[in-house]
Amino acid sequence: MTESVDPLARHTDYGEIALEEGSLLPDPIAQFRVWLQEADEQGIYEPNAMVVSTIDPDGSPTIRTVLLRGVSDEGFAFYTDYTSQKGVALEQNPAVAAVFPWYSLHRQVKIRGVAEKVSVEDSDAYFSTRPRDSRVGAWASDQSQPISSRAALEDKVEQMEQKFAGVDDVPRPEKWGGFLIRPRSIEFWAGRRSRLHDRVRFVRGEHGWKPERLQP
Ligand SMILES: Cc1cc2nc3c(=O)[nH]c(=O)nc-3n(C[C@H](O)[C@H](O)[C@H](O)COP(=O)(O)O)c2cc1C
C-alpha cells in the first residue's frame, strides 16, 4: 500500500479478496444481503445508504443519498417525498441507478432498474415506525423546494406541531411514501491489486439471473 499526503494524489492498492463467480450466491439479492450484513458487521457507517440517480424531465441526471429501508426478491425500497426532485423525476421516467459505496471494504454494489411506488399500506407501515418529530417534519417540509430561511422552515414545523397537537399517531401525508427499485442488473465490485478489480454483473433474463464478468 502506497500513500501520499495529498488525498487527490494517493494511490491505495486494494485487497486480495477475490470475487469468484462460484463464490457468489446464484441469487444476487441473497448475495447483496450477505454483503450488507458484512458491511454492518465491519462497522460501515450507514451501510444501507445508497446513492440514487434519476433523470430529470429535461433529460439531465441528478443524484442523492437515500437509506435503503427494505430489500426483497422484488427489489430495493426507500422512502421520500413524492413531490421532491427525485419524486417528480421518477414519476415521469422510472429509470434509476443506485450504488452502495462501501469504500473501506473495497466493495461497491451497483444497481440499475426501474422504480415504482410501493403500496400505500407499505408506506403507512414504514411511516408509522418513524420518530414523531420526523413524521411532523414530513408534513412541514416541501422537499426540494426553495425556502427563504431556516426560520421560515422552523415556522412551518411549528404550524404542523400545532396542527398535530395531542396527536401521537401523526398520519402519513399523501405526498410521502416509498419507491421500490426493481433491479434489471446488479453488479458486485471488489477492489483488487493494481486496479485489476473484480466485477461480476448479474443481469435478469427470461430464465432468471445470469452472471457475467466485466473488465475492471
Ligand atoms: C446519509 C443520508 C441519508 C438520506 N436518506 C434519505 C432518505 O431515506 N430519503 C430522502 O428523501 N432523503 C434522504 N436523504 C436526503 C437526500 O440525499 C436528498 O437531499 C433529499 O432526498 C432531496 O433530494 P432531491 O432534491 O434530489 O429529491 C439522505 C441524505 C443522506 C446524506
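Since this is a predicted model, take the numbers as computed values, not measurements.

(A) Here's a closer look at the site of the ligand. For the ligand, the full set of nearby residues is R64, T65, V66, L67, Y79, T80, S84, Q85, K86, Q143 and S144. Taking L67, its main chain carries an N or O atom lying 3.0 Å from an oxygen atom of the ligand. Within the backbone of Y79, one N or O atom sits 2.9 Å away from a nitrogen atom of the ligand. Elements represented by at least two residues in the shell around the ligand include exactly β2 (61-67), β4 (75-81) and α2 (85-92). The class makeup of the residues in the shell around the ligand is three nonpolar, six polar and two charged.

(B) The UniProt feature "domain: Pyridoxine 5'-phosphate oxidase dimerisation C-terminal" (unreviewed entry) in the chain, seen in detail. The UniProt record annotates "domain: Pyridoxine 5'-phosphate oxidase dimerisation C-terminal" (unreviewed entry) at residues 176-216. With 0% helix and 71% strand, residues 176-216 has its two end C-alpha atoms placed 39 Å apart.

(C) How the structure looks around the side chain of N48. In this structure, N48 sits in the loop between α1 (28-41) and β1 (49-55). With a relative accessible area of 14%, N48 lands in the buried category. Ignoring sequence-local partners within four residues, the contact set of N48 consists of L36, V66, L67, L68, R69 and F100.

(D) Geometry of the pairing of β4. The element β4 is largely enclosed, with a buried count of seven among its seven residues. Where strand β3 (residues 70-72) meets β4, three bridges bridge the pair, whose relative direction is antiparallel. Paired with S72 across the strands is G75, a residue of β4. In this structure, the hairpin formed by β3 and β4 is closed by a connection of two residues. Judged from the six bridges that link them, β4 and strand β7 (residues 176-190) form a sheet pairing that is antiparallel. Among the inter-strand pairings, Y79 is bridged to a residue of β7, identified as G178.

(E) How the structure looks around the nonpolar core. F32, M50, W102 and V109 are the most contacted members of the largest nonpolar core, which totals 31 residues. Elements represented by at least two residues in this core include exactly α1, β1, β4, β5 (95-102), β6 (107-117), β7 and β8 (198-205). Excluding anything up to four places from it in sequence, W102 contacts F32, W35, L36, A39, I44, P47, R107 and V109. Counting residues in hydrophobic clusters, the runner-up holds eight residues, among them Y79, F127, A138 and L180.

Parameters at a glance
Residues numbered from 1 in each chain as written. Predicted model: local features only at pLDDT ≥ 70, side-chain atom pairs only at ≥ 80, totals over all residues. Heavy atoms only, no water. Near = heavy atom within 4 Å. Polar contact = N/O pair within 3.5 Å; in protein donor to acceptor, adjacent residues only side chain to side chain. Helix = DSSP H or I, 4+ residues; strand = E, 2+ residues; numbered from the N terminus. Nonpolar A, V, L, I, M, F, W, Y, C, P; charged D, E, K, R; others polar. UniProt positions renumbered as here; feature names shortened; annotations may be inferred. Buried < 20%, exposed > 50% of the residue type's maximum accessible area, 1.4 Å probe, protein only. Contact = heavy atoms within 4.5 Å. Pairing = 2+ DSSP bridges. Core = buried A, V, L, I, M, F, W, Y, C linked by side-chain atoms within 4.5 Å.

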